[in-house]
Amino acid sequence: MSDNAPKKKGILQAYLNVNVLYKILIGLIVGAIAGVILAASGVTSLPAWISMFGTIFTRLLKMIIIPIIVGSLVVGASSVSPANVGKVGIRVIIIYLITSALGVIIGLLMANIFQPHADLAAVTELAAEAEGKIAETNVWQVIAEIVPTSVLSSLVNESVLQVIFFSLLFGICLSYLKASKDERLHTIATVTYNVFDCLTEVMMMIVRGIMQYAPIGVAVLICEVFAKNGAKVAGALVMVVVACFVGYAIHIILVYGGILKLGKIKISTFFKEARTPFITAFVTRSSNGTLPTSMTAAENLGIDKEVYAFSLPLGATINMDGTAIYQGVCTFFLVMSTFGRGLTIGEMSMIVLLATLASIGTAGVPGAGAIMLAMVMQGINLPIEAGSVLAGAYAMILGIDAILDMGRTALNVTGDLTCTTYVAKKLGFLREDSVLKQ
Ligand code: ASP
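These figures come from a predicted structure and were not determined experimentally.

Definitions and cut-offs
- Residues numbered from 1 in each chain as written.
- Predicted model: local features only at pLDDT ≥ 70, side-chain atom pairs only at ≥ 80, totals over all residues.
- Heavy atoms only, no water.
- Helix = DSSP H or I, 4+ residues; strand = E, 2+ residues; numbered from the N terminus.
- Rg over C-alpha atoms; globule rule 2.2 N^0.38 Å.
- Buried < 20%, exposed > 50% of the residue type's maximum accessible area, 1.4 Å probe, protein only.
- Contact = heavy atoms within 4.5 Å.
- Areas by Shrake-Rupley, 256 points an atom, 1.4 Å probe, with all protein chains shown as cover.
- Lys, Arg positive; Asp, Glu negative; His and termini not counted.
- Charge placed at Lys NZ, Arg CZ, Asp CG, Glu CD.
- Near = heavy atom within 4 Å.
- Polar contact = N/O pair within 3.5 Å; in protein donor to acceptor, adjacent residues only side chain to side chain.
- 1 Å grid on protein atoms, 1.4 Å probe; cavity = no way out; pocket = protein on both sides within 12 Å on 5 of 7 lines; lining within 4 Å.
- Sits in = over half its atoms within 2 Å of the grid points.
- Patch = residues over 30% accessible without salt bridge, like charges linked within 9 Å, V, L, I, M, F, W, Y side chains within 5 Å.
- Salt bridge = Lys/Arg side-chain N within 4 Å of Asp/Glu carboxyl O.
- Points joined across faces, edges and corners; volume = space filled by probe spheres on them.
- Nonpolar A, V, L, I, M, F, W, Y, C, P; charged D, E, K, R; others polar.
- Phe/Tyr/Trp six-rings, centres within 6.5 Å; stacked < 30°, edge-to-face > 60°.
- Lys NZ or Arg CZ within 6 Å of the ring centre and 35° of its normal.
- pLDDT = per-residue confidence, 0-100.
- Core = buried A, V, L, I, M, F, W, Y, C linked by side-chain atoms within 4.5 Å.
- Axes fitted to C-alpha atoms, helices over the stretch in contact; angles between N-to-C directions.
- Parallel < 35°, antiparallel > 145°, perpendicular 65-115°, else oblique.
- Left-handed = near helix turned anticlockwise from the far one by under 90°.
- Expected span 1.5 Å × (residues − 1).

A.B. asks: Any chance you could explain the overall build of the protein here in plain terms?
C.D. replies: Regarding its fold elements, the protein presents 18 helices and 0 strands. Rg of the C-alpha trace for the protein: 22 Å, near the compact-globule value of 22 Å for 438 residues, within the 12% margin. The principal-axis extent of the C-alpha atoms belonging to the protein is close to 70 × 60 × 50 Å. In the protein, which comprises 438 residues, the share counted as buried stands at 52%. The long-range share in the protein, meaning contacts at least 24 apart out of those at least 6 apart in sequence, stands at 84%. Accessible area for the protein stands at about 19,100 Å²; split by element, carbon and sulfur atoms hold 68% of it. For the protein, the separation between the mean place of its 28 positive charges and that of its 25 negative charges on side chains is 7 Å.

Here's what the structure looks like:
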């Protein structure tokens, strides 16, 4: 037995050493092949003990949603010092929010054009059951109910919008207290900030752990989907990728092209510098990880440091246009695959609101957007319950998340740089030698 111990450790280490991206993709492929084989041999469901591994994965994801939202929003909002939210800050934040909302709209548009879906609904009774859960959404009431009557019950009931609202409020007030001249207030606020910062780091560590387990969870969930539905669902994933990437391209051309034109910024000059952060984001899938490269690009463009040193880290935290597009496409995919129908206008308006907020709450690390997708689904009253058809459809998205994440992160980072460049040019925060002046 003792002879085996080092070997066991070696296998675990070898597993951990492989990039999560590849492991999830392998999980998807293995699960799909196993599912197709099972379907061909007439087996349409897995034994309970195997299904359990998929159930554990969905439960882990649900477990982490609320803590992640609270942590990243409180820390994100309180990191912005009130002194910075002046003329520049307000403009940057507004443009960030508008471009993210446009991202969701483009995503939903792409979804309605390409109609990515896997026909899961046709073959399962679960879909009909779950359909009953969709509440008729009244947008005005939803907006009013963003304000919780009890903070604790919003946490316990996992009311995502209420939790977002209170976390942002808490974070903004905390940032004021942190900047207070009163020594006592400054000290206790800084301690509180550090506590939340630490809690968020812990949550991110848990997410990284869950992602190490994801390949197993995804393999089982995908296997169930393919066993029930056969190989025909694979084409649906290709459609999701196409819809997302066409959406990303349109966003760059229309939204970023438009902003640069409004700011009278030469597109070639901008992209000469933006190219490096774009590629770095594509390969690292992390806005935060790309920050140093984006800052260098801003420096090379001749933007004043006081602007980009504030707006780029803020953008890496709250501005996620690619993630917003992805949310639009994938919510459509999930609803259509599970319920065999598109989204209603009410649901789409809710998704624009939720996904814009979700992109604020999305951490700039690989795969964070997929966790937020689960949150958006919860927000439109369709929580991803273990064992449901929706969980199967969600696992399909997770299987290709790495590919989608590359494109959306590249867009997220380009968006931060575009908005920063525009505001700096408009308000004259450019160095004397700036290439943007030519
Ligand atoms: N990976 C993305 C980023 O870092 C976030 C996401 O998963 O959507 O910007």
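A.B. asks: What am I meant to see in the site of the ligand here?
C.D. replies: Near the ligand lie 17 residues; those nearest to it are S287, T323, G369, D405 and R408. Contact between the ligand and T409: a nitrogen atom at 3.1 Å from a side-chain N or O atom of the residue. Isolated, the ligand exposes 270 Å² of accessible area, and the fraction of that covered by the protein chains is 100%. Taken atom by atom, the bulk of the ligand overlaps the second largest cavity. Broken down by secondary-structure element, the contributors of at least two residues to the shell around the ligand are α16 (368-379) and α18 (401-427).

A.B. asks: Even after reading the chapter, I still don't get a nonpolar patch on the surface, so can you show me in this structure?
C.D. replies: Together, V147, V151, L152, L155, V156, F165, F166 and L169 make up a nonpolar patch on the protein surface, roughly 670 Å² of accessible area in all. Counting residues per element, the ones that place at least two in the nonpolar patch are α7 (151-156) and α8 (160-178). Top contributing element to the nonpolar patch by residue count: α7, with 4 residues. Along the chain, L155 turns up in helix α7.

A.B. asks: Is there a simple way to think about helix α17 (residues 389-399) in this case?
C.D. replies: The α-helix winds at 3.6 residues per turn, so residues separated by three or four positions along the chain end up facing the same way. Counting buried positions along α17 gives 11 out of 11 residues, so the element sits mostly inside the fold. Of the residues making up α17, those classed as buried are V389, L390, A391, G392, A393, Y394, A395, M396, I397, L398 and G399.

A.B. asks: Is there a simple way to think about the pattern of salt bridges in this case?
C.D. replies: Here the structure, examined in full by the defined rule, presents 6 salt bridges. The salt bridge involving D433 is made with R431; its shortest N-O contact spans 3.0 Å. Taking relative accessible area as the criterion, D433 reaches 52% and is therefore assigned exposed.

A.B. asks: Can you help me understand the environment of P277 in this one?
C.D. replies: Mapped onto the fold, P277 is located in helix α11 (residues 267-284). Residues within four places of P277 in sequence aside, it is in contact with T290, T293, S294, A297, V413 and L417.

A.B. asks: Which parts of the structure should I look at to understand empty space enclosed by the protein?
C.D. replies: The gaps of empty space that remain are located by a probe, the size of a water molecule, rolled over the atoms. Enumeration over the complete set of coordinates arrives at 3 cavities of 30 Å³ or more. For the largest cavity, the full set of lining residues is I68, M204, V207, G361, T362, A363, V365, A368, I371 and M372. Elements supplying a minimum of two residues to the lining of the largest cavity: α9 (183-229) and α16. Broken down by element, the residue count for the lining of the largest cavity peaks at 3 residues, all from α16. Each residue belonging to the lining of the largest cavity can be placed in one class, and the counts come to 8 nonpolar, 2 polar and no charged.

A.B. asks: Got a minute to help me understand the packing of aromatic side chains in this structure?
C.D. replies: For any two aromatic rings, the description comes down to two numbers: the centre-to-centre distance and the angle of the planes. Applying the stated criterion to the full structure yields 5 aromatic pairs. A ring pair is formed by F57 and Y213, whose centres lie 6.4 Å apart and whose planes are at 50 degrees; its orientation type is tilted. You can see F57 sitting in helix α3 (residues 48-79) and its partner Y213 sitting in helix α9, a full 156 residues away along the chain. You can call F57 buried: its relative accessible area is 0%. Look at Y213 and you get buried, because its relative accessible area is 17%. For the cation-ring pair, K23 lies above Y15, with the distance from its terminal atom to the ring centre recorded as 4.1 Å. Above the ring of Y193, the side-chain terminus of K178 is found at 4.0 Å from the ring centroid.

A.B. asks: Looking at this structure, how should I read the confidence of the model for the protein?
C.D. replies: When pLDDT is averaged along the protein, the result is 85; 92% of the residues meet or exceed 70. Mean pLDDT across the secondary structure elements of the protein bottoms out at helix α5 (residues 125-131), with 48, and peaks at helix α10 (residues 234-262), with 94. Here residues 125-130 is a poorly scored stretch, pLDDT under 50, and it has 8 contacts once near neighbours within four places are set aside; other chains count.

A.B. asks: Looking at this structure, I do not really get the nonpolar core. What am I missing?
C.D. replies: Looking at soluble globular proteins, one finds that nonpolar side chains tend to be buried together. In this structure, F333 and M375 are the most contacted members of the largest nonpolar core, which totals 120 residues. No other element matches the 12 residues that α9 contributes to this core. Those residues in contact with M375 that sit more than four places away from it in its chain are I65, I69, V160, I164, L354 and A358. Listed in part, the 6 residues of the second largest apolar core include V74, L174, A189 and F196.

A.B. asks: Teacher, can you tell me more about the packing of helix α4 (residues 87-114) against helix α15 (residues 345-361) here?
C.D. replies: Geometry of a packed helix pair, given as the angle between the helix axes and the separation of the axes. Where α4 contacts α15, the two axes come as close as 9 Å, and the packing angle between them is 130 degrees. In this view, α4 runs oblique relative to α15, as classed from their interaxial angle. Of the two possible hands of crossing, α4 and α15 adopt the one that is right-handed. Note on element contacts: α15 touches α4 through M348, I351, V352, A355, T356, S359 and I360, opposite L97, S100, A101, V104, I105, L108 and N112.

A.B. asks: Can you help me understand helix α13 (residues 305-318) in this one?
C.D. replies: The terminal C-alpha atoms of α13, which comprises 14 residues, lie 20 Å apart, in line with the 20 Å expected from a rise of 1.5 Å per residue. Those residues of α13 that fall on the buried side of the exposure criterion are V307, Y308, F310, S311, L312, L314, G315, A316 and I318. The elements touched by buried residues of α13 are α4, α12 (287-301), α15 and α18.

A.B. asks: Please clarify how the side chain of T331 should be interpreted in this entry.
C.D. replies: Its place among the elements puts T331 in helix α14 (residues 321-339). Look at T331 and you get buried, because its relative accessible area is 0%. For T331, the side chain forms a polar contact with the main-chain oxygen of Q327, separated by 2.7 Å. What T331 contacts, discounting residues up to four positions off in sequence, is L108, L343, I351, L373, V376 and M377.

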